[in-house]
Amino acid sequence: MKNPPHRAWLVCLGGALAMFAVMGLGVNVFSIYQPEIIRLNGFTDAQGSWITTTRSLFILATLLCVNQLCTRFGLRRVMSAGVLLVGLSCLCFAFADRFLLYCAAAALTGVGYCLAGMVPISLAVGRWFQDRQGLALGLASAGSGVSTVFAPVLLTGVVKEQGITAAFLWEGAVMFLCALLVWLLVQDAPGAAGPYRRPGSVPGPDKRSGGAGLSRSQWTLLLLAALFVGATGGPGFSHLTMLYTSSGYSSLFVAGLLSYLGAMISLGKIVCGQVYDRLGGLGGNCFAFGTLLLALALCTLAPIGGVLLPVLAITAFGLGLSITAVSPARWAGDLCADYESGVRSITLAFTAGMLVFGPLPGLLADWLGGYVPAYAAFFTLLLAAYLIVQGLYRKRT
C-alpha cells in the first residue's frame, strides 16, 4: 500500500489559496478596477498610481514585523488573518467615494498581502520541505496566477452589468471563504514526522541556514538589485492595463490578456521552481530575468497595435513574474547566512522598489502622454539588477 501524501503538500495547497486571494485577487486583479476608479472619480493618472503606491507603502511597513508576527502567533494565524484583511479591504473599496478612502482600502490590502504573502509562504516551505523546495514554492506561489486566469473577465463583466461596488463585494465574499480554507490547511511546523523528503532520502541539514553570507558591499548590491526588480514586479505589472488601454486596445481585450497572463504566471512559477531545482541559481536567474526583460522590450512596442505583440509580451511577462515569488527565497538560500532574515530583507527591498517607483508610470504618462517611457525605464533597471545578481553568484562559485 502506498504511503499517503506528506502533510507538507496540504500546507503547500494552503499557501496557494492564500496567494490566490491576497496576490491574485487582492493585487493582480486590482488593475481591472484602476481605470474604472480613475474614470468614475475623475482622478488623474498620478492619483491612480498613488492608490497602488499606498498599498506598497503598507506592505513595506508590515514587512518590518512580519517575521516577528509569524514567530509569535504562528504561520497559520498570521496567514489566515492576512486573507481576512484583504477581504475587509474589498468591502472598503466597494463603498469608497473619495481619494483618501481608496488609499485607506489600499492600505488594508497591503497589510493583508504581506501577512499572507511570499514571506510566510517561503518560511512555511523552508520548514516543511527538505527536498523539492523550488517546486513547492512554485506551486504555492502559482495560486496567484490561477485567480488571474478567470477573475479579470468575470469581474469586468460584473463591473459593466452591476457596477464596481458589486464586483468588490463578490470578491470580498471569496476572500472570506479562502481565509477559512487557509486556516484549515496550514500548520506551523511538521513536528515529529519531519519535513518532506524524496523517497529514500535521508534527513539532511536544515537548508534554512543558507550560505556563508555576503560582505556588506555585496549585501548592499543584492538589495539594490531587489529594489530594481520591485519596479517591474510592482508598478510595471499593475500598469499593464493602463499601457494597453491607452494604446487603443478595448477593455475586454485587455481583460482577456490579463486572464491569459494568469495562466502564464502559474506556469512560469512552476517552471521556474523546476529550473532552480535542476540548474541551480545561475540557470534559474537566466530564466526569470531573461523572460521578463523580453516582456518589457515588447511592452515598449504597444503603440504599434495588432494582436501578436501584446500576446507575446503578456506570455513573457507571466513567465518572468516568477522572479517576484520564487527567486527571493532562492537568493536567500544561496547567498545569505540566515535564510529567514534573508527572505524578509530581500522582500523588503523588493517592496521598497514598488513604493519608490510606484508613482513613476502615472507621472510619466501625465508629462509625456503615455506609459511606454515607464516600461523603457523598467527595462533598464531590470537589466542592471540581472547583472548585479549574476555577478554575485559568480563571485560565490
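Residues numbered from 1 in each chain as written. Predicted model: local features only at pLDDT ≥ 70, side-chain atom pairs only at ≥ 80, totals over all residues. Heavy atoms only, no water.

A.B. asks: Explain the overall build of the protein to me, and be specific about the residues and the numbers.
C.D. replies: In terms of regular secondary structure, the protein is built from 18 helices and zero strands. Across its three principal directions, the C-alpha atoms of the protein cover 60 × 45 × 40 Å. A buried classification covers 57% of the 397 residues belonging to the protein. Taking the contacts inside the protein whose residues are at least 6 apart along the sequence as the reference set, 85% of them involve residues at least 24 apart. Looking at charge distribution, the protein has the averaged site of its 23 positive side-chain charges lying 9 Å from that of its 13 negative ones. (Helix = DSSP H or I, 4+ residues; strand = E, 2+ residues; numbered from the N terminus. Buried < 20%, exposed > 50% of the residue type's maximum accessible area, 1.4 Å probe, protein only. Contact = heavy atoms within 4.5 Å. Lys, Arg positive; Asp, Glu negative; His and termini not counted. Charge placed at Lys NZ, Arg CZ, Asp CG, Glu CD.)

A.B. asks: With reference to specific residues and values, describe the layout of surface pockets.
C.D. replies: Approximately 210 Å³ is the volume attributed to the second largest pocket. If you go around the second largest pocket, the residues you meet are Ser 31, Ile 32, Pro 35, Glu 36, Thr 156, Val 159, Lys 160, Thr 241, Thr 245, Ser 251, Val 254 and Ala 255. Elements represented by at least two residues in the lining of the second largest pocket include exactly helix 2 (30–41), helix 9 (143–162), helix 12 (240–246) and helix 13 (251–299). By residue number, the principal contributor to the lining of the second largest pocket is helix 2, which donates four residues. (1 Å grid on protein atoms, 1.4 Å probe; cavity = no way out; pocket = protein on both sides within 12 Å on 5 of 7 lines; lining within 4 Å. Points joined across faces, edges and corners; volume = space filled by probe spheres on them.)

A.B. asks: So what's going on with the pattern of salt bridges? Residues and values would help.
C.D. replies: Taken as a whole, this structure holds three salt bridges when the rule is applied. The residue Glu 36 makes a salt bridge to Arg 39 at a minimum N-O spacing of 2.5 Å. One end of the pair, Glu 36, and the other, Arg 39, are both in helix 2, three residues apart, so they sit about a helical turn from each other. In this structure, Asp 97 and Arg 98 form a salt bridge, with 3.4 Å as the shortest nitrogen-oxygen distance. For Arg 98, a relative accessible area of 51% corresponds to the exposed category. (Salt bridge = Lys/Arg side-chain N within 4 Å of Asp/Glu carboxyl O.)

A.B. asks: Provide a residue-level description of the packing of aromatic side chains, including the pertinent values.
C.D. replies: Two aromatic rings, taken as a pair, are described by how far apart their centres are and by the angle between their planes. The full count for this structure, using the stated rule, is 14 aromatic pairs. Between Phe 30 and Phe 93, the ring centres sit 5.1 Å apart and the planes meet at 40 degrees, which makes this aromatic pair tilted. With a gap of 63 residues between them, Phe 30 in helix 2 and Phe 93 in helix 5 (residues 75–95) connect regions that are remote in the sequence. The exposure classification of Phe 30 matches that of Phe 93, with both residues buried. In textbook terms, an aromatic cluster arises when at least three aromatic residues are bridged by ring pairs, as seen for Phe 30, Tyr 33, Phe 43, Phe 93, Phe 99, Tyr 102 and Phe 168. Arg 76 extends its terminal NZ or CZ atom over the ring of Trp 183, reaching a point 3.9 Å from the ring centre. (Phe/Tyr/Trp six-rings, centres within 6.5 Å; stacked < 30°, edge-to-face > 60°. Lys NZ or Arg CZ within 6 Å of the ring centre and 35° of its normal.)

A.B. asks: Could you give an account of the environment of Gly 256, with specific residues and numbers?
C.D. replies: If you trace the backbone, Gly 256 turns up in helix 13. Owing to a relative accessible area of 31%, Gly 256 belongs among the partly exposed residues under this scheme. Separated by 97 residues in the primary sequence, Gly 256 and Gly 353 place their C-alpha atoms 28 Å from one another.

A.B. asks: Explain a nonpolar patch on the surface residue by residue, including any values.
C.D. replies: A cluster of nonpolar side chains, Leu 177, Leu 180, Leu 181, Trp 183 and Leu 184, forms an exposed patch at the surface whose accessible area comes to about 460 Å². In this structure, Leu 180 sits in helix 10 (residues 164–185). Its relative accessible area of 48% is what places Leu 180 among the partly exposed residues. (Patch = residues over 30% accessible without salt bridge, like charges linked within 9 Å, V, L, I, M, F, W, Y side chains within 5 Å. Areas by Shrake-Rupley, 256 points an atom, 1.4 Å probe, with all protein chains shown as cover.)

A.B. asks: Break down empty space enclosed by the protein for me, citing the residues and quoting the values.
C.D. replies: Evaluation of the coordinates by the stated rule reveals six cavities of 30 Å³ or more. Of the voids in this model, the largest cavity is the one considered here, and its volume is about 140 Å³. As for the largest cavity, its lining consists of 16 residues, and the residues nearest its centre are Met 23, Val 27, Asn 28, Gly 233 and Phe 237. Of all elements in the fold, only helix 1 (8–28), helix 11 (216–238), helix 13 and helix 16 (339–357) reach the threshold of two or more residues within the lining of the largest cavity. In terms of residues, the lining of the largest cavity owes the most to one element, helix 11, which gives four residues. The residue inventory of the lining of the largest cavity, partitioned by class, reads eight nonpolar, six polar and two charged. (Nonpolar A, V, L, I, M, F, W, Y, C, P; charged D, E, K, R; others polar.)

A.B. asks: I'd love a proper account of the packing of helix 3 (residues 45–63) against helix 17 (residues 360–368), names of residues and values included.
C.D. replies: Taken N-terminus to C-terminus, the directions of helix 3 and helix 17 make an angle of 175 degrees; their axes are 7 Å apart at the nearest point. Judged by the angle between their axes, helix 3 and helix 17 are roughly antiparallel. Note on element contacts: helix 17 touches helix 3 through Pro 361, Gly 362, Leu 363, Ala 365 and Asp 366, opposite Asp 45, Ala 46 and Ser 49. (Axes fitted to C-alpha atoms, helices over the stretch in contact; angles between N-to-C directions. Parallel < 35°, antiparallel > 145°, perpendicular 65-115°, else oblique.)

A.B. asks: Could you give me a rundown of the side chain of Ser 266, with the residues and numbers involved?
C.D. replies: With respect to the helices and strands, Ser 266 occurs in helix 13. By relative accessible area, Ser 266 is classed as buried at 11%. Sequence-distant contacts of Ser 266, that is, excluding residues within four places in its chain, are made with Ala 142, Gly 145 and Val 146.

Don't take any of this as a statement about function, it's just geometry.
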